[in-house]
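One letter stands for each residue in the lines below.
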Amino acid sequence: KKEEELRIGLRYLIHEADLSGTLIDLSKLADIFLNGALEAAEIETARHFGITPADLKGFSVFGLGKLGGRELNFGSDLDIVFVYEELETFPSSHNVQNASTWYIFLAQTLYRLATEQTSTGYAYKIDCDLRPEGNQTHLAISLKGYRNYFQTRARVWEQQAMIRLRFVAGNESLGKKFIETAHSFAYKPKLQYGSIIEIARLRERMEKELAKEFHKGRDIKKGFGGLADIEFLIQILQLMHGYQTPQLRQTNTKDALEMLALAGWFDQTEAEQLIGNYLFMRNVECALRIQNLSNSSRLPKSKDDLGVLAKLLGYGGNVDFAEKLLSDYDITTRSIRSVYKKTIDNLLRVSVS
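Residues numbered from 1 in each chain as written. Predicted model: local features only at pLDDT ≥ 70, side-chain atom pairs only at ≥ 80, totals over all residues. Heavy atoms only, no water.

Broken down by element type, the chain carries 14 helices and 5 strands. Over its C-alpha trace the chain gives a radius of gyration of 22 Å, about what one expects of a compact globule, namely 20 Å for 353 residues. Along the first, second and third principal axes, the C-alpha atoms of the chain reach 75 × 60 × 35 Å. The proportion of buried residues among the 353 residues of the chain is 51%. Of the roughly 17100 Å² that the chain leaves accessible, carbon and sulfur atoms contribute 51%. Computed over 45 positive and 45 negative side-chain charges, the inter-centroid distance for the chain is 4 Å. (Helix = DSSP H or I, 4+ residues; strand = E, 2+ residues; numbered from the N terminus. Rg over C-alpha atoms; globule rule 2.2 N^0.38 Å. Buried < 20%, exposed > 50% of the residue type's maximum accessible area, 1.4 Å probe, protein only. Areas by Shrake-Rupley, 256 points an atom, 1.4 Å probe, with all protein chains shown as cover. Lys, Arg positive; Asp, Glu negative; His and termini not counted. Charge placed at Lys NZ, Arg CZ, Asp CG, Glu CD.)

What follows is the structure in structure tokens.
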């Protein structure tokens, strides 16, 4: 993994690969890793229970968030859910209860293999909190369990999360069934006024309670005019119109933005501006993580560090690199927030009328 990340990072820095290609490569790397980890976990689980790996084929791994959108960055956590199907094709000596036990153990084993600390560090940090009830329930949940949860007590933010669901590893047939189930839950004929308010308030809380820019500095992801503004805006529009227009059901943020522009939800100038702003912010985040060798999304406060970051981003000429980067950043975030606020206000007015 480290060797591949070095190769991907060097290609990005010498402009042999653009931002989109870099994020896709990082996402493919995670996919390959998870497929390998699943295969190893199946072997270990089969040995533990005295069964064969073939008995464990009703299991799938799905990516959400950046992994689901194939836009993983350096140092990104992997948002994952594990799903299994209560099949009726197990050998007669095995029952459904056995299968549930196996799959929960399989998920735990895969999680451990991916995250455990070794002499060379760990591969990925995996976040499974987007599953029903978060860390209050088992790591793996059955397809039937998901269907019941979606129908009875799932919340709006979980609809939003399922927009970016993508099959990564395991049983492809189960993968298709779960994606159909998730889309039926996420994409409704109408998104209620209260749901738009709830999502907008979640975005506000994220900025106030997590970004805390006044004390901690500019936050590329969660702060004022940050990436979350663009992502939340796009996801609200997808939830509103994805039922009638399946082409809008894109997991990738940039792809979804381009489809929304084609569908007429942004005019051409606004769409180009949003795409340009999105790419600027993701490039800043990408270069920052290479600079810090961490998953930080905060701009450095030191002028020297800002200057190094600006050089990584290609700033040149007879200018103060740090000041120019800050100026461009502030212009970009104000532009993003302006479009976000205008669009949300318009959507709320339309929903009321």
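With 67 residues, the main nonpolar core has Phe-178 and Phe-266 as its most contacted residues. Per-element accounting of this core gives the leading share, 11 residues, to helix α14 (residues 321-352). Dropping the residues within four chain positions of it, Phe-266 is found in contact with Leu-233, Leu-237, Leu-257, Leu-260, Ala-261, Ala-271, Leu-274, Val-339 and Thr-343. By size, the runner-up hydrophobic cluster in this structure holds 40 residues, among which are Leu-34, Phe-59, Leu-78 and Ile-290. (Core = buried A, V, L, I, M, F, W, Y, C linked by side-chain atoms within 4.5 Å. Contact = heavy atoms within 4.5 Å.)

With that settled, the discussion passes to the pattern of salt bridges. Any two side chains of opposite charge can pair, so long as their charged atoms come close to each other. Evaluation of the coordinates by the stated rule reveals 26 salt bridges. For Asp-320, the salt bridge goes to Lys-303, with nearest N and O atoms at 2.8 Å. Taken together, the residues span a long stretch of sequence, with Asp-320 in the loop between α13 (303-312) and α14 and Lys-303 in helix α13 at a distance of 17 residues. Given the relative accessible area of 34%, Asp-320 is considered partly exposed. Lys-303 sits in the partly exposed class, given a relative accessible area of 45%. Through salt bridges that share partners, Glu-71, Arg-164, Arg-282, Glu-285 and Arg-289 make up one connected network. (Salt bridge = Lys/Arg side-chain N within 4 Å of Asp/Glu carboxyl O.)

Our focus in this paragraph is helix α10 (residues 227-241). Taking 1.5 Å of rise per residue, 15 residues should cover 21 Å, and α10 covers 21 Å from first to last C-alpha, within 8% of that figure. With 15 of its 15 residues buried, α10 lies for the most part within the structure. (Expected span 1.5 Å × (residues − 1).)

Attention now goes to the packing of aromatic side chains. Inspection of every chain in the model, using the stated rule, returns 12 aromatic pairs. Look at Phe-150 and Phe-178: their rings are 6.5 Å apart centre to centre, the planes differ by 20°, and that puts the pair in the stacked class. With a gap of 28 residues between them, Phe-150 in helix α5 (residues 143-152) and Phe-178 in helix α7 (residues 172-186) connect regions that are remote in the sequence. The pair formed by Phe-150 and Phe-178 is uniform in burial state, with each residue classed as buried. Of the aromatic side chains, those joined through ring pairs into one cluster are Phe-62, Tyr-146, Tyr-149, Phe-150, Phe-167, Phe-178 and Phe-185. Between the NZ or CZ atom of Lys-1 and the centre of the ring of Tyr-124, over which it lies, the distance is 4.6 Å. (Phe/Tyr/Trp six-rings, centres within 6.5 Å; stacked < 30°, edge-to-face > 60°. Lys NZ or Arg CZ within 6 Å of the ring centre and 35° of its normal.)

With that settled, consider the side chain of Lys-66. Tracing the backbone through its elements, the reader meets Lys-66 in helix α3 (residues 65-68). Residue classification places Lys-66 among the buried positions, given a relative accessible area of 14%. Every residue in contact with Lys-66, bar those within four places of it in the chain, is listed here: Ser-27, Glu-71, Leu-72, Arg-164, Glu-231 and Arg-282.

Time to look at the pairing of strand β1 (residues 59-64). Buried residues dominate β1, accounting for 6 of its 6 residues. Burial of β1 is two-sided: the residues Phe-59, Val-61 and Gly-63 facing one way and the residues Ser-60, Phe-62 and Leu-64 facing the other way are all buried. The pairing of β1 with strand β2 (residues 78-84) spans 6 bridges and is antiparallel. When the sheet's bridge partners are listed, Gly-63 is paired in β2 with Ile-80. Looking at chain direction, β1 and strand β5 (residues 166-170) are connected through 4 bridges and run antiparallel. Its bridge partner being in β5, Phe-62 is matched across the sheet by Phe-167. (Pairing = 2+ DSSP bridges.)

As a further point, take unusual backbone geometry. Of note in the backbone geometry, His-15 takes a positive phi value of approximately 65° without being a glycine. For His-15, the location among the structural elements is in the loop between α1 (2-13) and α2 (19-49).

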